[in-house]
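Okay, here's what each chain looks like letter by letter:
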Amino acid sequence: MGKLTIWIVFAAVLLVLPQIFDSVLSLSIFTQMTIAIIFALSYNMLLGQGGMLSFGHAVYFGLGGFLAVHAMMMIEFETLSFSITLIPLVGGVFGLLAALFIGSFSTHKAGTVFAMISLGIGELVAASSLILVSFFGGEAGVSGDRTFGPPFFGIDFAQDDHVYYLAAAWMFFAVLCMYLFTQTPAGRMANAVRDNPERAEFIGYSARRVRFISFAMAGFFAGIAGGIFAVNYEILTEENLNAATSGRVLLMAYIGGLGFFIGPVVGAVVLTLINSLLSNYTDLWMLYLGILFLLTVMFLPRGLTGLLMMHRVAWQLGRMRLLLLPYTLTAIPGAVFILGMIAMIEMSHAEDAEFVYLGLALAPAGYGSWALLLSVTAVAFFILRRTLPRLHEAWAEANTLPRLQGHKDGRP
Amino acid sequence: MKLLPSAVPRLHLLAQIATAFSLAFSGLALAQEPIKIAFIDPQSGVFAATGESGFMVLDFAADYFYNDKGGVLGGRKFEVTALDNKSSAAESQLQLRRAISEGTQIVFSGNGSAVASALSTAIERHNRRNPDSQVLFINYAAVDPILTGADCNFWHFRFDAHSDMKMEVMTSHIAKNPAITKVYIIGQDYSFGKAVGDAAISMLAAKRPDIEIVGNELHPIGQVKDFTPYITKIVSSGANAVITGNWGADMVALGRGIMDAGLEVPIYTFYAAYDGITATLGEAGKDQIYVVHNDFANPVTAPLRLEFTAAYEAKNPHQDITQPRIVNALMMLATAIEKAGSAEPYDIAIAMEDMRITTMTGEELWMRRDDHQAFQNLNISVHTNEGINIDTDNSGFALRTEFVVPRDETITQSSCRMTRPQQ
Amino acid sequence: MIEVLIFATLNGLVTGLLLFMLASGLTLIFSMMGVLNFAHASFYMLGAYFAYSISLYTGFWPALIIAPLLVGVVGALVERYGLRRVHKSGHVAELVFTFGLAFLIEEAVQLFWGRSTINYESPTLLDFPLFTLFGQNFPVYKAFMIFISVSIFIGLYFVLTRTRIGIIIQAAITHPNTVANLGHNVPFIFMAVFGVGSGLAGLAGVIAGPVLTTFPGMATVLGSIVFVIVVIGGLGSLAGALVASLLIGLLQSYAIASDVGMQDLLDLLGVSFAADHPLNDIWRLTLPQIAPIMPFLLLVLVLIFRPSGLLGKREG
């Protein structure tokens, strides 16, 4: 499959998705995903491609978004007149301006110094947003209305599907631009500076300048994401630029996988789904998210995408079917183990006398249910310990050319 | 990739068949179809305790008063779903869309005026843009006056007294006490904290010009590690009463700080009870904390309220009925549905306007037509362990009502200019 | 006015020394392992919650000893089975790991102890005013907090400068590879330092819990401030951490105690703005309002002009 085909398929999926899942809810989840994808990809320009760990990336998302809402308000009150389709660009421009200003002093150094400055700036901006009420609207935030302004081919964006297509179009454009950026000399140099700033300096590039360019671009795209957020939700509040939002984008990029262009996209999709769906089934969803995150950091340093990409060798060797049986054998006890653990966590948290889990009525107060769950989980764990080594062996075999020992590409 | 073009119409066909079936059966099922209520409030995170207890009360009251007695409109039952808004304006909108896509037309919410204001705006816009799937907003706790003032709208009904009404009552109580001559105001640095400060100053000036405001301090919300420096200022100002709009951990820390410093002055507040706060203030805060609220506190004598509380606490031994006004809202909603003979938001809204119902405590609650603000008696209660018959947090302590302002005296001018939708 | 000054100084000292107990552990961990431990304040929170649960059975005093030990063990386990595994993926992975850990600990605390404020009280033995000045009590418990923090500082200083293990640790801070080459078990030293650092944070939680209220957000409130202190003080500098802790404690305390604001500055300059000036939010700012963000302002300024911190010798 050529690169062009991938982009065409990507565009087609974006077009078709809301036709398949056409409820109000799924539309709004898709729109949320497009925002998260741009934001996470822009974050990866810093961390994945530029090696700059930021704890304050929400600043550019939020500032872009706030300016976008103010622009929407100006359209509403007829101080300005342009199409609402350009609002994300307003966000992008102001994200860029903010990044140009802050980047001018924060990108002197990478590493801890950069991380700490980003943390400090993030806290400062978030705190100021509560103090400077006339611009940020204090705790209530500022809100606008997207339906004013000249209609775009007769569309006034009152309906959610119009907003989705607008967001998807901007997302496609932004992802394409960010991808192309990685192919430019500036994008390549960002990688070089991340890996070895001294060498980059030796061949005549200023590491500081390269970081500054990446930083500014990341601010621009974060601002676009903020602008789309403004159009979709029609409100921006302090939470859009505080540390929690900055933390969430780090989580997305990291869980997805920093080393791959597509990694943050995967992370954004998975986290949006967890955020919007899991929270309906359990109020402990944040706990599970935390566990998932820690396990990812510990066992999948290359993220979920890394896990998929590990199978490339086996795929190319045409030996995936060797893994099929061991995977199934591990997945069944694995799933039982995880479900058992979840059941115990949920049961310890249950308030009612009866607790229904997967159609099973459990009694948190009695010992019977606990004994049952404990034994099931323990058995699953025991079986898991037996099947994992077999998976390891199968993995080694699947990744090795016939009669060519010692070629391993990582382990599960 | 050949899969897609053929799969899409097939899926579509499936969906159409499903819709056709559901339409065919809907005529039969309409009488028994539940009336869905979405309870959009924090169910996770730091503020989850309030949201969870609110949901449990609403869910229990729906069963206790209606579903167990055959429902409303001849057999339709209330179905309450908690949707977690994570205390966020954007999440609330997502959950609103979820509720709408599940066919819900009634939304309860209230924790946090910022969230409520975002929801109110979002619902008004949604109803304007989608007249075929309208939503009614029952605000049971957000107290920013603007919600029934400048930002009021037809779909929003508030069942709590707004902060200016509460401040009227609070300042009246202070004005009656000649011992209070110097008042210190401290609040969280955001719209509500500022509104409390401004209202207190202007109302005290009108009622007791001799009272001196010896301090008007704002501190960052949720950021203060240690309130001692603030308390030093309060002590050195010579204040003999403190007014605060603080809630949550900021309220506990401020209250405990004042008590630790040995400052024995009354503290007038809005949110110094329930969800662990009563237990934490405990003995140290006895007879020192005054809370303004609607729905009479202790000692409870109304039989209906006692029965309901006993039934609720029998089912949830670790819970309290923290916000009886949720039950008030549900009662008025059910009455309006019966009166309108319909569960359509527009019909319910019209029916609720100018409606009067009797609450569990036996007092009358009135929904003003002009701004959709509910009025009932307002009370000032003190944190104590004496003379109470329903305690809070199983701590032996609770609020005991000291001072009741009759409903008609709490009525303030309406500043709402409501645009009514044409149906 | 004088009483405000006196109490502001005392409060600043109490806060500053408390911050130091957290910062001392963090700076040791940071300088040895290069890990900025985001979860450090979470160990502080764990200390308070552990002590609360233990004190329900045994009272405050045994909890004062047991809870920090438990937190130390938890910390050592986290290092042994978590951080060490992540170590090979680089510093970013380690940092991100502690970030996730902080998130997880906060959720776990809510799972076990609930989301509300818990009623963790200071022991009745210390529940009386040490002295009363101008009508305000200074609780003896606060003096006790000062006493514990100062003892910790003296103890740490003694261990680090006068004992063999202290010298090894100091060497490991500046020359970790050389220390490993000399045959010391550096992974074990790491684990021990991480455990002790976490235990110190736990101890801070035990003694601060009753005063600063024990609730699930207590780690977040303090978390980033401790970071700020370590960076401002300078990496690997215990003395720097002490100076920065006291500086920030006193700075915040004085800022809150003060009554000045932009208005006074404008009056002094003879400038005034209309009542509806768009920037009135700025012109009406007061010093107490911005007190909590001053550490971050200081952080950014220090990092721009002196990246190695006040007393630090090397950059991160």
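Residues numbered from 1 in each chain as written. Chains lettered and ligands numbered in written order. Predicted model: local features only at pLDDT ≥ 70, side-chain atom pairs only at ≥ 80, totals over all residues. Heavy atoms only, no water.

Novice: Would you mind going over helix α17 (residues 367-398) of chain A with me for this structure?
Specialist: Because the α-helix completes a turn every 3.6 residues, residues three or four places apart line up on one side. Residues and elements named next belong to chain A. Over its 32 residues, α17 extends 45 Å from the first C-alpha to the last, a length consistent with the 46 Å expected when each residue adds 1.5 Å. The principal kink in α17, of about 25 degrees, is found at Arg386, preceding the proline Pro389 by one to four residues. Every buried residue belonging to α17 is among Ser369, Leu373, Thr377, Ala380, Leu384, Thr387, Leu391, Ala394, Trp395 and Ala398, and all of these are buried. In this structure, the buried side of α17 is in contact with α15 (312-316), α16 (321-349) and β4 (360-362). (Helix = DSSP H or I, 4+ residues; strand = E, 2+ residues; numbered from the N terminus. Expected span 1.5 Å × (residues − 1). Bend = angle between axes of the 7 residues up to and from the residue. Buried < 20%, exposed > 50% of the residue type's maximum accessible area, 1.4 Å probe, protein only. Contact = heavy atoms within 4.5 Å.)

Novice: Got a minute to help me understand the packing of aromatic side chains in this structure?
Specialist: Aromatic rings considered in pairs are described by the distance between their centres and by the relative angle of their planes. Within the structure shown, the criterion is met by 57 aromatic pairs over all chains. Judged by centre distance (5.1 Å) and plane angle (85 degrees), the rings of Phe60(C) and Trp61(C) are edge-to-face. An aromatic cluster of at least three residues, connected via ring pairs, comprises Phe60(B), Tyr64(B), Phe65(B), Tyr66(B), Phe78(B), Phe308(B) and Tyr312(B). The ring of Tyr64(B) has Lys69(B) sitting right over it, with the charged end atom 5.9 Å from the ring centre. Sitting over the ring of Tyr81(C), Arg80(C) keeps its end group 5.0 Å from the ring centre. (Phe/Tyr/Trp six-rings, centres within 6.5 Å; stacked < 30°, edge-to-face > 60°. Lys NZ or Arg CZ within 6 Å of the ring centre and 35° of its normal.)

Novice: Whenever I open this one, the domain arrangement of chain A confuses me. Can you help?
Specialist: Accessible area lost when the parts come together is the quantity often used to give the size of an interface. Residue and element names in this part refer to chain A. Domain annotation for chain A reports domain 1 (21-302) and domain 2 (310-398). When each unit is reduced to the centre of its C-alpha atoms, the spacing between domain 1 and domain 2 is 36 Å. Counting residues at the interface gives five residues for domain 1, matched by four residues for domain 2. The largest contributions to the domain 1 side of the interface with domain 2 come from Asp283, Leu284 and Tyr288, which together make up 68% of the buried area. Our count for the domain 1 to domain 2 interface comes out at zero salt bridges. (Domains from an automatic or database assignment. Buried area = accessible area lost by both parts, 1.4 Å probe. Salt bridge = Lys/Arg side-chain N within 4 Å of Asp/Glu carboxyl O.)

Novice: Would you mind going over the nonpolar core with me for this structure?
Specialist: Nonpolar side chains in soluble globular proteins tend to be buried together. In terms of nonpolar packing, the biggest core is built from 213 residues, with Ile38(A), Phe55(A), Phe43(C), Tyr44(C) and Ile207(C) touching the most fellow members. In terms of residues, this core owes the most to one element, helix α2 (residues 24-46) of chain A, which gives 15 residues. In this structure, Leu58(B), Ala61(B), Ala62(B) and Phe159(B) belong to the second largest nonpolar core, which totals 67 residues. (Core = buried A, V, L, I, M, F, W, Y, C linked by side-chain atoms within 4.5 Å.)

Novice: When you look at the interface of chain A and chain C in this model, what are you seeing that I'm missing?
Specialist: Taken together, the contact pairs 39 residues of chain A with 41 residues of chain C. When the two sides are added together, the surface that chain A and chain C hide from each other amounts to roughly 3500 Å², 82% of it contributed by carbon and sulfur. Contact with chain C buries surface across chain A, with Met116(A), Ile131(A) and Met298(A) losing the most and accounting together for 17% of the total. Put simply, chain A and chain C have one residue pair in polar contact (both at pLDDT 80 or more) between them. At the level of elements, α5 (111-131), α6 (133-136), α11 (243-256), α13 (285-299) and α16 of chain A are the ones that each hand at least two residues to the side of chain A that touches chain C. Ranked by residues supplied to the side of chain A that touches chain C, first place goes to α5(A) with 11 residues. The class makeup of the residues in the side of chain A that touches chain C is 29 nonpolar, seven polar and three charged. (Polar contact = N/O pair within 3.5 Å; in protein donor to acceptor, adjacent residues only side chain to side chain. Nonpolar A, V, L, I, M, F, W, Y, C, P; charged D, E, K, R; others polar.)

Novice: Can you walk me through the sheet that holds strand β4 (residues 136-139) of chain B in this structure?
Specialist: Backbone-to-backbone hydrogen bonds pair the strands of a sheet. The strands run either parallel or antiparallel. All names here are of chain B. Strand order in the open sheet made by the five strands is β2-β1-β3-β4-β5, with parallel pairing throughout. Looking at strand neighbours, the two that pair on one side only are β2 (78-84) and β5 (156-158), the edges of this open sheet. This sheet shows a mean twist of 25 degrees between the axes of neighbouring strands, independent of strand direction. Pairing of strand β1 (residues 35-41) with strand β3 (residues 106-109), which is carried by three bridges, proceeds in the parallel orientation. Considered in β3, the bridge of Ala38 is made with Val107. The strands touched by helix α4 (residues 113-129) are β1, β3, β4 and β5; relative to β4, the strand with the most contacts, the crossing angle is about 165 degrees. (Pairing = 2+ DSSP bridges. Axes fitted to C-alpha atoms, helices over the stretch in contact; angles between N-to-C directions.)

Novice: Just checking my understanding: could you explain the state of the cysteines for this structure?
Specialist: Joining two cysteines, a disulfide is a covalent bond between their sulfur atoms. Residue and element names in this part refer to chain B. Per the stated rule, a full pass over the model turns up one disulfide over all chains. What pairs with Cys152 in a disulfide is Cys416, and their sulfur atoms sit 2.0 Å apart. Of note, the bridge from Cys152 to Cys416 carries an S-S torsion of about 75 degrees and is right-handed in sense. Here Cys152, found in the loop between β4 and β5, pairs with Cys416, found in the segment after α13 (407-410); they are 264 residues apart in sequence, far enough to count as distant. Cys416 matches Cys152 in its accessibility class, with the two residues each being buried. (Disulfide = S-S within 2.5 Å.)

Novice: Whenever I open this one, a nonpolar patch on the surface confuses me. Can you help?
Specialist: A cluster of nonpolar side chains, Leu86(A), Leu89(A), Val93(A), Phe94(A), Leu97(A) and Leu100(A), forms an exposed patch at the surface whose accessible area comes to about 440 Å². The exposure class assigned to Val93(A) is partly exposed, which follows from its relative accessible area of 35%. (Patch = residues over 30% accessible without salt bridge, like charges linked within 9 Å, V, L, I, M, F, W, Y side chains within 5 Å. Areas by Shrake-Rupley, 256 points an atom, 1.4 Å probe, with all protein chains shown as cover.)

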